[in-house]
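A structural walkthrough
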Amino acid sequence: MRERVIDMEIRPMGEREAREITGWAYPPPYDFYNMNWEGEEEIQGYEAVFDDGSLIGFFCTGAEARVPAG
């Protein structure tokens, strides 16, 4: 069996990452994760996750991480 070592890097999300993530689309009920980036202030507090240099995910913490009730 071959093992793969995952070497992830986490760094603050920039404009390039935000624009790429805007093209990602999640179906309901996960569609609240769809990002509609409109400016730098909207990505404050977001982190981009890279695996071997490729953008593979994003996350945030704090108040920005709260999921709307409903």
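All values derive from a computational prediction rather than experimental measurement. (Residues numbered from 1 in each chain as written. Predicted model: local features only at pLDDT ≥ 70, side-chain atom pairs only at ≥ 80, totals over all residues. Heavy atoms only, no water.)

Things to note about a nonpolar patch on the surface
There is a patch of nonpolar side chains on the surface, built from Tyr-26, Tyr-30, Phe-32, Tyr-33 and Val-67 and spanning about 510 Å² of accessible area. Looking at the element boundaries, Tyr-30 is found in the loop between α1 (15-22) and β2 (46-51). Among the residues examined, Tyr-30 registers a relative accessible area of 49% and is labelled partly exposed. (Patch = residues over 30% accessible without salt bridge, like charges linked within 9 Å, V, L, I, M, F, W, Y side chains within 5 Å. Areas by Shrake-Rupley, 256 points an atom, 1.4 Å probe, with all protein chains shown as cover. Salt bridge = Lys/Arg side-chain N within 4 Å of Asp/Glu carboxyl O. Helix = DSSP H or I, 4+ residues; strand = E, 2+ residues; numbered from the N terminus. Buried < 20%, exposed > 50% of the residue type's maximum accessible area, 1.4 Å probe, protein only.)

Digging into the pattern of salt bridges
A pair can form between side chains of opposite charge whenever their charged atoms are brought close. Inspection of every chain in the model, using the stated rule, returns four salt bridges. Measuring nitrogen to oxygen at the nearest pair gives 3.0 Å for the salt bridge that ties Glu-9 to Arg-11. Its relative accessible area of 41% is what places Glu-9 among the partly exposed residues. Take Arg-11: its relative accessible area is 28%, and that puts it in the partly exposed class. Across the pair Arg-11 and Glu-17 runs a salt bridge whose closest N-O atoms are separated by 4.0 Å. We classify Glu-17 as buried; its relative accessible area is 7%. Because the salt bridges share partners, they merge into one network encompassing Glu-9, Arg-11, Arg-16 and Glu-17.

Observations regarding the nonpolar core
Most often, soluble globular proteins have nonpolar side chains that are buried together. If you look at the biggest cluster of nonpolar residues, it comprises eleven residues: Met-13, Ala-18, Ile-21, Met-35, Trp-37, Ile-43, Tyr-46, Ala-48, Phe-50, Leu-55 and Cys-60. When contributions to this core are tallied by element, the ones reaching two or more residues are α1, β2 and β3 (54-60). The element that contributes the greatest number of residues to this core is β2, accounting for three residues. Sequence-distant contacts of Ala-18, that is, excluding residues within four places in its chain, are made with Met-13, Met-35, Trp-37 and Ile-43. (Core = buried A, V, L, I, M, F, W, Y, C linked by side-chain atoms within 4.5 Å. Contact = heavy atoms within 4.5 Å.)

Looking at the packing of aromatic side chains
Taken as a whole and judged by the stated rule, the model has three aromatic pairs. For the ring pair Trp-24 and Phe-58, a centre distance of 6.2 Å and an interplane angle of 45 degrees mean the geometry is tilted. Remark: Phe-58 occurs in strand β3 and Trp-24 occurs in the loop between α1 and β2; sequence separation between them is 34 residues. Its relative accessible area of 23% is what places Trp-24 among the partly exposed residues. On the numbers, 6.2 Å between centres and 70 degrees between planes, the contact of Tyr-26 with Tyr-33 is edge-to-face. Of the residues examined, Tyr-26 reaches a relative accessible area of 31% and is grouped as partly exposed. Taken together, the ring pairs in this structure connect Trp-24, Tyr-46 and Phe-58 into an aromatic cluster. (Phe/Tyr/Trp six-rings, centres within 6.5 Å; stacked < 30°, edge-to-face > 60°.)

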